[in-house]
Amino acid sequence: MISRRAALRLGAGAVLVGGAGLGWRAWRQGVFSVGHGPAYDAWNTWAQSAPGSELHLVHAAILAANPHNSQPWAFRVAPGRVDLFADPARNIGAIDPFRREMHIGLGCALENLLQGAAATGWKATLALFPEAGDPSHIATVALERGPAVAAPLYAAIPIRHTNRGAYEMARAVPDSALSDLATLGTEFDRIAVRWFATPAARRELGAHIVEAAHAIVADRDQSRDSAAWFRDSWDEIQRRRDGLTIDAQALPEWLRLAAKVLPPPGSEQADRVWLAATRDVHVGTAPVFGLLVARDASDNAQRLEGGRLWQRMHLWATTQGIAMHPLNQLPERADRERSQGIEPKFGAVLAQLVGDGSWQALMPFRMGYPTKQALASPRRNVADVVVH
C-alpha cells in the first residue's frame, strides 16, 4: 500500500514532470515565437528589401493570397522587367485538378506586384501568357520609370491575412462596402461578384458548402492532398515556409495554444475538426457570402483576373477592418466531378447559385468583421522563388 503522503509526492512529481514536458513541447512548437523565424521574414522586411527596384516588386508579390499557402509562383527579374511563372510542382493535387485555384493565386501575386509598381514609381505594361507554347509563363510585366502614382492599397499588403476565425454575426457588413467592393474591378469585364446577404440565401449557400466539405472528406484523394499542406511542426514550418498552420486559423487563444502543445490529431480526427469548423465557424458565423463569377471559369486568363480582383478586394477590406476568407469546397468538388467524369452534383449546385447561364462560378468566399485578428502565414523568401 502507498501512503497518502507518498501519493501526494508522486502526484506533485508527475505535475512537475508533466509541466516540464509541456513547457518543452510549447517551446519546440513555437508557442512563444509566433510570427518569428525565417518563415516570417518576408512579412517583416518586405518594405526595406531592394526599395524602388524591380526585385522589390517580387517582395510585394509573394505576400499575396494563394491556395493552401502553396505559393505556386516563380519569378524572373531583369532590368525593366519581371516575369511570373507557375510552379507546377506546387499544385494541390486532387483538390485543384484543373489548376483553377493555382491561377487565382497567381493572379493575386500579379495584383500585388502591380500595386507595388504604381506606388514605387514604375509604369507597368502587362502581357498575359506571352509565350504561346509555354502555359507556365503566366505574365511579363514591362517596367519604365515614371512618377509614383496613388496606390492606396499598397500599404495594406503586409497586413492582409486570410482570417479563418469566427466573424461577428451581430455586426452586418454595410451595403456601401459591398457596393465599393463590387466596383474595384471595373476593368475586368469578364469577372463579377454575386452577394448572398439575406438569411435565406446564406442558409442555402452555407448548407451546400458544408455538404461539399463532407464530400471532400469522403474522397480519399482529395482529403489526403488537402491535408498534405498542413504544417503542425514548428521545425517543419521554419524549414518549408509554406502551408497552413495552427497560428493562421485565428482560433481563440486558449485553443490555439492547446492545439500547438497537444500531439497532432490523426487524419480522421483532423477531418472531424475541419468539418466542425466549416459548419460552426466558417459557415455559422458568416454575415455575408460572396461568389466570384467569370464568363468562362475554365479560362486561365479569366482565373488570373479573378485572382487580381480578389486580392484587390481583400486589400481594400483590410483597410476597412473587414475580414475575408475563400470557401472553395463547392468548386473543388465540381472540378473533381469533371476530372473523374462522374455526375455533376456540385456543378449543378453552382450553376443554380449563379442563376445565369452566361456566367460561371469561380470562387465562393465569406466576409465580415473578425472576432480575432488573423496571424501571418509562413512565406518562402524571394531568393527561393527567383529563377535565372
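Report follows, based on the coordinates. (Residues numbered from 1 in each chain as written. Predicted model: local features only at pLDDT ≥ 70, side-chain atom pairs only at ≥ 80, totals over all residues. Heavy atoms only, no water.)

## Comments concerning helix α7 (residues 220–227)
Every buried residue of α7 is listed here: Q222, S223 and D225. In this structure, the buried residues of α7 make contact with α6 (199–218), α10 (267–283) and α12 (329–340). (Buried < 20%, exposed > 50% of the residue type's maximum accessible area, 1.4 Å probe, protein only. Helix = DSSP H or I, 4+ residues; strand = E, 2+ residues; numbered from the N terminus. Contact = heavy atoms within 4.5 Å.)

## With respect to the sheet that holds strand β10 (residues 360–368)
Two modes of strand pairing occur in sheets, parallel and antiparallel, and in both the strands are linked by backbone hydrogen bonds. Spatially, 4 strands are ordered β5-β8-β10-β9 in an open sheet, and the strand pairing comes out antiparallel. The open sheet terminates on both sides in strands that have one partner only, identified here as β5 (191–196) and β9 (323–326). Across the sheet, the mean angle separating the axes of adjacent strands is 30° when strand polarity is ignored. Across the sheet, helix α5 (residues 175–182) is in contact with β5, β8 (288–294) and β10; its angle to β5 comes to roughly 165°. (Pairing = 2+ DSSP bridges. Axes fitted to C-alpha atoms, helices over the stretch in contact; angles between N-to-C directions.)

## Quick word on the packing of aromatic side chains
Applying the stated criterion across every chain yields a total of 4 aromatic pairs. Taking the centre distance of 6.2 Å and the plane angle of 20° together, the rings of Y40 and W234 count as stacked. In this pair, Y40 is assigned in the loop between α1 (4–28) and α2 (41–45) and W234 in helix α8 (residues 234–240), connecting sequence segments 194 residues apart. With a relative accessible area of 11%, W234 lands in the buried category. Summarising the aromatic geometry, the rings of W195 and F365 are spaced 5.7 Å apart at their centres and angled 85° between planes, so their arrangement reads as edge-to-face. Of this pair, W195 sits in strand β5 while F365 sits in strand β10, and the two are 170 residues apart along the sequence. Taking relative accessible area as the criterion, W195 reaches 24% and is therefore assigned partly exposed. (Phe/Tyr/Trp six-rings, centres within 6.5 Å; stacked < 30°, edge-to-face > 60°.)

## With respect to the packing of helix α4 (residues 100–119) against helix α11 (residues 300–319)
When two helices pack together, their arrangement is captured by the angle between the axes and the distance separating the axes. Put simply, α4 and α11 touch, their axes get as near as 6 Å, and they point 55° apart. Considered as vectors, α4 and α11 are oriented oblique to each other. The element α4 and its partner α11 pack so that their crossing is right-handed. Residues R100, H103, I104, L106, G107, C108, L110, E111, N112, L114 and Q115 of α4 touch α11, and the partners they reach there are N300, R303, L304, G307, R308, W310, Q311, R312 and L315. Counted by class, the contact of α4 with α11 contains 8 nonpolar, 7 polar and 5 charged residues. (Parallel < 35°, antiparallel > 145°, perpendicular 65-115°, else oblique. Left-handed = near helix turned anticlockwise from the far one by under 90°. Nonpolar A, V, L, I, M, F, W, Y, C, P; charged D, E, K, R; others polar.)

## Digging into unusual backbone geometry
The phi dihedral of A50 is positive, around 50°, even though this residue is not glycine. Of note, A50 is situated in the loop between α2 and α3 (54–61). Residue A50 is classed as partly exposed on the basis of its relative accessible area, which comes to 28%. Phi at H68 takes a positive value of approximately 55°, unusual for a residue other than glycine. Residue position: H68 is located in the loop between α3 and β1 (73–78).

## Let's talk about the environment of A259
Within the secondary structure layout, A259 lies in helix α9 (residues 253–261). For the pair formed by A259 and D232, sequence separation is 27 residues and the distance between their alpha carbons is 9.0 Å.

## Description of the side chain of R380
Take R380: it is sitting in the loop between β10 and α14 (382–385). One buried charged side chain, R380, makes no salt bridge at all; its nearest oppositely charged neighbour is D87, positioned 4.8 Å away. Of the polar contacts made by the side chain of R380, one reaches the backbone oxygen of Q71; its length is 2.6 Å. Once you skip the residues sitting within four places of it in the chain, R380 turns out to touch A42, I62, Q71, W73, R90, R240, R241 and V385. (Lys, Arg positive; Asp, Glu negative; His and termini not counted. Salt bridge = Lys/Arg side-chain N within 4 Å of Asp/Glu carboxyl O. Polar contact = N/O pair within 3.5 Å; in protein donor to acceptor, adjacent residues only side chain to side chain.)

## Brief notes about α4
Between its terminal C-alpha atoms α4 stretches 29 Å, which fits the 28 Å expected from 20 residues at 1.5 Å a residue. A large share of α4 lies buried, amounting to 19 of its 20 residues. At the exit of α4 stands G121, carrying a positive phi of roughly 85°. (Expected span 1.5 Å × (residues − 1).)

## Quick look at the sheet that holds strand β4 (residues 137–145)
As summarised here, the arrangement of the 4 strands in space is β1-β2-β4-β3, forming an open sheet in which the pairing is antiparallel. Every interior strand has two partners, whereas the edge strands, β1 and β3 (122–128), have only one. Taken pair by pair, the neighbouring strands of this sheet meet at an average axis angle of 20°, ignoring direction. Where β3 lies against β4, 7 bridges are found, and the strand directions are antiparallel. Bridge pairing in β4 places L128 opposite A139. Sheet strands touched by α3: β1, β2 (81–86), β3 and β4. Its angle to β1, the strand with the most contacts, is close to 165°.

## A word on the pattern of salt bridges
In the structure shown here, the tally under the stated rule is 25 salt bridges. Between E211 and K345 there is a salt bridge; the shortest N-O distance is 2.7 Å. Separated by 134 residues along the polypeptide, E211 in helix α6 and K345 in helix α13 (residues 345–354) bring together distant segments of the chain. Overall, K345 belongs to the partly exposed group, its relative accessible area being 41%.

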